Structure formats: structure tokens, C-alpha cells
Amino acid sequence: MPLINDKNTEKVSLSPEESMKRTIHTFQIRAGHFTASEKKDYEELKDVFCIPYSEEKLDFEKIFGNKNPVVIEIGFGMGKATAIIAENNPQINYLGLEVHKPGIGKLLGEIRKRGLKNLRIIEHDALEVLENMTADESVSAFHIFFPDPWQKKRHFKRRLIQRPRTDLITSKIQKGGYLYFVTDWLPYAEFGLEQLNATPNLKNKYEGYAPHQEWRPETRFEQKGLDANRVINEMMFEKV
């Protein structure tokens with residue numbers, strides 16, 4: 001993934017909102033073990049199921065070969081839940097955005113094993129993909145499951161679920177579509193609920209937190225949170 005050139009960035013006058021979106025990453029590249037099978041699947045399948053990053057708008061009908069609705073998942077981790085959801089909903093197309101190579105390799109293996117035709121991946125910063133590759137009102141939904149909560153106050157600016165980032169995400173959702181956010185970190189849940197409520201053109205489908213959506217499978221990461229007695233909070237907001 002290309003790195004931002006700080007010297008070049010300093011030459012451009014950006015508003016605080018633009019600066020947040022463009023120069024502050026909401027993720028960190030995790031040091032993870034790339035297993036032999038993940039590496040093999042990554043090398044063999046990347047060119048088949050991964051879409052290269054570019055600054056051209058995505059043509060979903062061309063990519064998937066149909067006009068089915070498209071759901072984007074930001075940060076799918078190891079991808080098991082992503083694969084299960086895609087397998088259970090063949091009438092919906094899914095696009096996963098991730099920068100963690102072992103997770104990408106793992107999901108590529110799941111795509112091959114399950115014979116999925118409705119799932120593709122972009123290995124790049126999600127905000128840049130949304131800004132440069134995703135047309136406005138072209139996506140039916142966003143799934144954001146257990147993003148990094150950035151627990152320290154000085155890192156709050158890195159949180160994905162906050163304005164103006166939620167404004168950007170919302171601009172890509174079709175009317176009637178939704179944003180589904182799940183976290184096991186209560187301070188982030190409270191912060192995120194406040195930010196989503198303040199985002200124009202979004203309306204909470206429920207009063208406060210949403211009930212668990214039965215079609216979303218539990219992940220190993222989620223189980224770790226439950227084992228640590230953390231509460232899973234879910235939010236479902238619709239585009240109006």
C-alpha cells in the first residue's frame with residue numbers, strides 16, 4: 001500500500017475535515033503470522049478475486065456480472081463471517097476492504113472453498129477507496145464489524161465511526177440502504193452512536209442500540225470479547 005508523502009501533503013491547504021479523511025489512518029498494519037496456506041491462497045487467488053486500487057469509479061455490474069445490490073464491508077479481519085454472509089445471500093454482491101494480508105489470504109481461501117461468485121476484495125485504505133473508486137449512492141449497505149476502537153484519547157481522531165468520515169460513508173449509500181456498526185468497546189459504542197445520530201441523512205432504525213441481527217454470524221474475535229465480559233453493541237442506521 002502506498003504511503004502518504006508528508007512533505008507533499010504539507011504543500012496542500014486542506015480543511016480540518018479533508019485533513020482527517022486524507023492524512024490520518026483509521027487502521028494500523030498488524031504484525032500477523034502469514035501461514036503457508038494463507039500465503040498460497042493469497043499468491044494464487046489475488047489476481048482472480050482482488051480488484052486493484054485505482055482512481056477510477058468501480059463498475060459493479062461489470063465486476064460481478066449482474067445488477068444485484070452491493071454491500072461493502074470495511075475491515076473484514078480474517079473474513080470468516082464475510083464468507084458466511086456472502087454464501088447465505090447469493091442474491092447480494094459483497095466487496096471487502098482490508099489491508100491485513102493474512103486476513104485477505106484467509107478470505108481468498110474461503111472464496112475458493114465455498115465457490116463464491118458474489119465476493120471481491122480491495123487491498124487498500126477504505127477511505128481512499130470510498131473517495132476515489134466508489135460513486136455516490138451506489139452501495140446498498142456498509143458492514144463495519146469490530147473496527148479498532150482506538151482506546152487512548154489521543155488516538156480518538158483515528159476512529160472510523162465519526163464525522164466527517166460517516167458523512168463520506170453515507171454519501172455512498174443508496175436511499176433506503178443501511179450502515180451496520182458493531183463494537184465490543186462500550187466507550188466507542190457510545191461515541192459512535194452519538195456520531196451516527198449527528199450524521200445528516202442517517203436515521204436510527206431502533207431507539208438506541210439495535211438487537212443482534214440473526215444473519216450476522218458470531219466471530220472468534222467476538223467470542224473473545226464475550227469471554228472477557230464485554231457487551232456487544234450493535235447499531236443499524238438507514239439512509240433517508
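Note that the structure is predicted; figures quoted are calculated from it, not measured.

Undergrad: Residues and numbers for the sheet that holds strand 4 (residues 139-145), please.
TA: One open sheet accounts for 7 strands, arranged 3-2-1-4-5-7-6; its pairing is mixed. If you trace the sheet from one side to the other, it starts and ends with strand 3 (119-123) and strand 6 (202-204), each paired once. Strand-to-strand twist of the sheet, defined as the mean angle between neighbouring strand axes without regard to direction, takes the value 20 degrees. Inspection of the sheet shows strand 4 paired to strand 5 (residues 173-183) by 6 bridges, in the parallel sense. By the bridge assignment, His143 is partnered in strand 5 with Tyr180. Contacts from helix 7 (residues 126-133) reach strand 1 (70-74), strand 2 (93-98), strand 3 and strand 4 within the one sheet, and its direction differs from that of strand 1 by about 145 degrees.

Undergrad: With reference to specific residues and values, describe the environment of Leu160.
TA: Residue position: Leu160 is located in the loop between strand 4 and helix 8 (165-171). In the structure, Leu160 is positioned 13 residues away from Pro147 in sequence and 7.5 Å away in space, judged by C-alpha atoms.

Undergrad: Pulling in residues and values, what's your account of the pairing of strand 7 (residues 233-239)?
TA: Counting buried positions along strand 7 gives 6 out of 7 residues, so the element sits mostly inside the fold. Across 6 bridges, strand 5 lies against strand 7 in antiparallel orientation. Pairing of Phe181 across the sheet is with Met235, part of strand 7. Relative to strand 7, strand 6 runs antiparallel, the two sharing 3 bridges. Within strand 7, the residue paired with Lys203 across the bridge is Glu238.

Undergrad: How would you summarise the side chain of Glu73 if you had to cite specific residues and measurements?
TA: Inspection of the secondary structure puts Glu73 in strand 1. As a buried residue without a salt bridge, Glu73 has its nearest oppositely charged side chain in Arg216, at a separation of 8.6 Å. At a separation of 2.6 Å, a polar atom in the side chain of Glu73 contacts the side chain of Thr82.

What counts, and at which threshold
- Residues numbered from 1 in each chain as written.
- Predicted model: local features only at pLDDT ≥ 70, side-chain atom pairs only at ≥ 80, totals over all residues.
- Heavy atoms only, no water.
- Pairing = 2+ DSSP bridges.
- Helix = DSSP H or I, 4+ residues; strand = E, 2+ residues; numbered from the N terminus.
- Axes fitted to C-alpha atoms, helices over the stretch in contact; angles between N-to-C directions.
- Contact = heavy atoms within 4.5 Å.
- Buried < 20%, exposed > 50% of the residue type's maximum accessible area, 1.4 Å probe, protein only.
- Lys, Arg positive; Asp, Glu negative; His and termini not counted.
- Salt bridge = Lys/Arg side-chain N within 4 Å of Asp/Glu carboxyl O.
- Polar contact = N/O pair within 3.5 Å; in protein donor to acceptor, adjacent residues only side chain to side chain.

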